Amino acid sequence: MSISVKALTKHFGQQKAVDGISFEAKPGQILGFLGPNGAGKSTTMKMLTGYLSPSAGEAEICGKNVVSEPLQVKSLIGYLPENTPLYNEMYVREFLGFVGQLYHIDDLDQRVREVIAMVGLGPEQHKKIGMLSKGYKQRVGLAQAIIHDPQVLILDEPTSGLDPNQLADIRKLIKDLGKNKTVILSTHIMQEVEALCDDVIIISKGQIVANATMADLKSQNAGQTLEEIFRKLTS
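Residues numbered from 1 in each chain as written. Predicted model: local features only at pLDDT ≥ 70, side-chain atom pairs only at ≥ 80, totals over all residues. Heavy atoms only, no water.

## Things to note about unusual backbone geometry
And step 1. At Cys62, a position not held by glycine, the phi torsion is positive, near 50°.
And step 2. Here Cys62 is to be found in the loop between strand 4 (56–61) and strand 5 (64–65).
And step 3. Residue Cys62 is classed as partly exposed on the basis of its relative accessible area of 25%.
And step 4. Here the phi dihedral of Asp107 falls at roughly 50°; this positive angle occurs in a residue that is not glycine.
And step 5. Within the secondary structure, Asp107 is located in the loop between helix 3 (92–102) and helix 4 (108–119).
And step 6. For Asp107, a relative accessible area of 56% gives the class exposed. (Helix = DSSP H or I, 4+ residues; strand = E, 2+ residues; numbered from the N terminus. Buried < 20%, exposed > 50% of the residue type's maximum accessible area, 1.4 Å probe, protein only.)

## Some points on the side chain of Thr234
And step 1. Residue position: Thr234 is located in helix 9 (residues 226–234).
And step 2. One polar contact links the side chain of Thr234 to the main-chain carbonyl oxygen of Phe230, over a distance of 2.7 Å.
And step 3. Setting aside chain neighbours within four positions, we find Thr234 in contact with Pro36, Ile202, Ile203 and Ser204. (Polar contact = N/O pair within 3.5 Å; in protein donor to acceptor, adjacent residues only side chain to side chain. Contact = heavy atoms within 4.5 Å.)

## Notes on the sheet that holds strand 2 (residues 15–25)
And step 1. Read across the sheet, four strands follow the order 2-1-4-5 without closing on themselves; strand pairing throughout is antiparallel. In the strand order of this sheet, the two ends are held by strand 2 and strand 5, each with one partner.
And step 2. Note that strand 4 and strand 5 share two bridges and pair antiparallel. Considered in strand 5, the bridge of Glu60 is made with Asn65. (Pairing = 2+ DSSP bridges.)

## Comments concerning helix 3
And step 1. For helix 3, the complete set of buried residues consists of Val92, Phe95, Leu96, Gly97, Val99 and Gly100.
And step 2. Looking at the residues trailing helix 3, positive phi occurs at His104, about 55°.

## Considerations on the packing of aromatic side chains
And step 1. Summed over the entire model, instances satisfying the criterion amount to four aromatic pairs.
And step 2. Centroid distance Tyr51 to Tyr79: 5.3 Å. Interplanar angle 50°. Geometry classified as tilted. Residue Tyr51 is found in the loop between helix 1 (41–49) and strand 4, and its partner Tyr79 is found in strand 6 (residues 77–80); the two are separated by 28 residues along the sequence.
And step 3. Grouped by ring-pair contacts, the aromatic residues Tyr87, Phe95 and Phe98 constitute a single cluster. (Phe/Tyr/Trp six-rings, centres within 6.5 Å; stacked < 30°, edge-to-face > 60°.)

## A few points about the packing of helix 3 against helix 4
And step 1. One can describe the packing of helix 3 onto helix 4 by two numbers: an axis separation of 10 Å at closest approach and a directional angle of 125°. Classed by the angle they form, the pair helix 3 and helix 4 counts as oblique. Viewed along their axes, helix 3 and helix 4 form a crossing whose handedness is right-handed. Contact residues: helix 3 offers Arg93, Leu96, Gly97, Gly100 and Gln101, while helix 4 offers Leu108, Asp109, Val112, Arg113 and Ile116.
And step 2. For the contact of helix 3 with helix 4, the residue count by class is four nonpolar, three polar and three charged. (Axes fitted to C-alpha atoms, helices over the stretch in contact; angles between N-to-C directions. Parallel < 35°, antiparallel > 145°, perpendicular 65-115°, else oblique. Left-handed = near helix turned anticlockwise from the far one by under 90°. Nonpolar A, V, L, I, M, F, W, Y, C, P; charged D, E, K, R; others polar.)

Here it is, written out as structure tokens:
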């Protein structure tokens, strides 16, 4: 398994944001990770990437423990947080080259060109990031997440701010990446989950309330739409 989570828990003071969740994800799988605001989705993803330390339980990425082997884990993960931290004064190509240097990528110029083409940043590559639209900034965030060709991608609201044409392009890219990588995709757009995801986890109040394939989830709920299932399980 690329991702193995066992009894993962996170406390913030008296509040239990994530409450003993367990799940697995394998290569070639796009896993939809859903839940209402405040359910614990982003906290879980931050623990998987090493940005937060768990209060209890454990998580492994490709056999590496996120607490005891943090640098190895970070080298295996591409992470797009909900609010992507970007250097607005840097040019797009300059920024991607900077990120690539952190990963010691061989033939970095070629890799930057490849990633720019993959995410559709060609027309904007010589602009400062601060001059870009929200949609193009999101593309820069996705580009930095895949620059080092990671085995695992963790994407938090990856299509936020995209217009319909950009949305179709990025959906296709995520689908293509998911053929060979393990992808965790968090979004509030149910159509996106149905279009992209093989399996779905729904989390509510820090606990997993559903973990199944898309087909099984609908079969278990009398053919209801994903939105209807989501509302029933999280209300």
